[in-house]
Amino acid sequence: MNAVEIVKAVKDARIPATEITGKAIERIRQVDSEVRALLTPLFERALEKAAEIDRKIEHNQDPGPLAGVPVVVKDNLCMRGLKTTCGSRMLENWCPPYDASVIRFLEEAGAVVLGKTNMDEFAMGSSTENSAFFPTANPWDRERVPGGSSGGSAAAVACGYAPLALGSDTGGSIRQPAAFCGVYGLKPTYGLVSRFGLVAFASSLDQVGPFSRSVEDLALALNVLSRPDPADATSSRRKRPDYTACLGKDDLKGLKVGVVTEFENYPVQPEIREALAKIEAILRGAGAEFVPVSLPATIEAGLPCYYILAPAEASSNLARYDGVRYGISAKAENLMDLYMKTRGLGFGPEVKRRILTGTYVLSSGYYDAYYLVAQKARIRISREFREAFLHADLLLMPTTPTLPFRKGEHQDDPIQMYLSDVFTLPVNLAGLPGLSLNAGYSSSGLPVGVQFVGPKWGEETLLAAAEAVERVLGKPACALGGD
Ligand code: GLN
């Protein structure tokens, strides 16, 4: 059942929330030893929460818009008193004293959190292989990666652990694993969803967003998640629409879809090109028109720009893990020794690489040559998108240049790994919303994803277009024999 169906069944007292939670736990027990999407199961707590929902139903109290819906959440979202590791040894046993706002919003809405999902350490990576604990498998081919950094959340939804999951997306970490696992993943406009209690990676880029296997679930989740939040200074105060209200339209007449001319010569696997053509045909069939748009700087400068700015912000954000304030603390002779040993033991190689790069580009003497130039490129990229949206209501783009790659394939080649996000990270640089959707499967059974990108606050257009596709292709399938 998808989330909308569960809410209905629970509210009508047809199925108790405890039974739904029990079924979800059973499913996890059945397949998670193979997939390894969960870092910390919270089954007992989940059953207690579900019992609370059932009590509310019994007493005719409103159980909320996500009553009894099982969810899993990425392990960089704080939950009070529960382990929040960020996939890192540094925070291996850290239990935050507060909840992330999005966790509070979910639980107030009646959702039942089943567990925390695996991720690349501090959300740095595209394969979930940078988790300090273990890698997660792609549910469609266990020899391949699920994408990252929110690979655990994407794999969990693909396997039917829960109809909804939360991830975070700094440069593609919701959309890329969604594409690799064959589910929906939405990265909202910067400022739409609160980041309070999300462990920071690159604060000017990070956004929290949902995964699902149906468009209506994505809209329902966004209604709950997108509340303005005084605890996050970047949370916009603009009025949010009802995201489910844009669904159920018969056609997309008048919708202008942009295709980026520069992307036509970019090396993209043929299956992904075919998927783009298929989605174009479906949207045309629904009445949409296609227009060419141009983003010349985006594809050229996006990746280097991101890999200067994101590490710069990360080097600052991760300075707090010093062995003094919280996280692990190594035995040491003196203060410098404490810093060196704690950070040496606590961080994995990719996190160290980012901190080194970030510190370098921010140092006096290099700041002007790297950081400042990257900031200028970022403005140019934002401007290009803004101009493109004068001609188009949304853009149809690849989510990734390749299908899910093999475990270990890019482990020794960070640049190849970074290229995985070449189509997603410009969207973060410009603060725009992006939605990755499944467009079918390759001949070897691997999911093929494509991405819609909208102007700021354009989530409704993305959802409506995704629904038009879903009407033709159906809802994404469940992996590993689930339903
Ligand atoms: N893969 C990209 C990186 O490693 C994006 C990560 C993310 O979105 N959190 O930085």
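Cut-offs applied
Residues numbered from 1 in each chain as written. Predicted model: local features only at pLDDT ≥ 70, side-chain atom pairs only at ≥ 80, totals over all residues. Heavy atoms only, no water. Buried < 20%, exposed > 50% of the residue type's maximum accessible area, 1.4 Å probe, protein only. Helix = DSSP H or I, 4+ residues; strand = E, 2+ residues; numbered from the N terminus. Pairing = 2+ DSSP bridges. 1 Å grid on protein atoms, 1.4 Å probe; cavity = no way out; pocket = protein on both sides within 12 Å on 5 of 7 lines; lining within 4 Å. Points joined across faces, edges and corners; volume = space filled by probe spheres on them. Nonpolar A, V, L, I, M, F, W, Y, C, P; charged D, E, K, R; others polar. Near = heavy atom within 4 Å. Polar contact = N/O pair within 3.5 Å; in protein donor to acceptor, adjacent residues only side chain to side chain. Areas by Shrake-Rupley, 256 points an atom, 1.4 Å probe, with all protein chains shown as cover. Core = buried A, V, L, I, M, F, W, Y, C linked by side-chain atoms within 4.5 Å. Contact = heavy atoms within 4.5 Å.

## Side note on the pairing of strand S4 (residues 164-169)
Consecutive side chains along a regular strand alternate between the two faces of the sheet.
Piece 1. With 6 of 6 residues buried, S4 lies mostly within the body of the structure.
Piece 2. Side chains Leu164, Leu166 and Ser168 of S4 all project onto a buried face; the interleaved residues Ala165, Gly167 and Asp169 project onto the opposite face, where all are buried too.
Piece 3. Pairing between S4 and strand S6 (residues 207-212): 6 bridges, direction antiparallel. Looking at the pairing, Gly167 lines up with Gly209 of S6.

## Quick word on the layout of surface pockets
Piece 1. Taken as a whole, the largest pocket encloses approximately 620 Å³ of empty space.
Piece 2. Residue lining of the largest pocket: 26 residues in total, with Met1, Ile6, Lys23, Gly160 and Asp483 positioned closest to the centre.
Piece 3. The set of elements that each furnish at least two residues to the lining of the largest pocket consists of helix H1 (3-11) and helix H2 (17-35).
Piece 4. At 7 residues, H2 tops the list of elements feeding residues into the lining of the largest pocket.
Piece 5. For the lining of the largest pocket, a count of residues per class yields 13 nonpolar, 4 polar and 9 charged.
Piece 6. Counted as a void, the second largest pocket has a volume near 280 Å³.
Piece 7. Tallied by class, the residues present in the lining of the second largest pocket amount to 9 nonpolar, 8 polar and 3 charged.

## Description of the site of the ligand
Piece 1. Neighbouring residues of the ligand: 15 residues in total, closest Gly171, Ser173, Tyr306, Arg354 and Asp421.
Piece 2. Ser126 places a side-chain nitrogen or oxygen 2.9 Å from a nitrogen atom of the ligand.
Piece 3. Between the ligand and Gly171 there is a distance of 2.6 Å, counted from an oxygen atom to a backbone nitrogen or oxygen.
Piece 4. Protein coverage of the free-state accessible area of the ligand, which is 290 Å², stands at 100%.

## Focus on the nonpolar core
Piece 1. Counting 158 residues, the largest nonpolar core has Phe122, Leu283, Leu395 and Phe452 as its most contacted members.
Piece 2. Element by element, the count of residues in this core is highest for helix H9 (residues 296-317), at 10 residues.
Piece 3. Apart from residues lying up to four places away in sequence, Leu283 is in contact with Leu252, Val257, Ala288, Phe290, Phe452, Ala465 and Val469.

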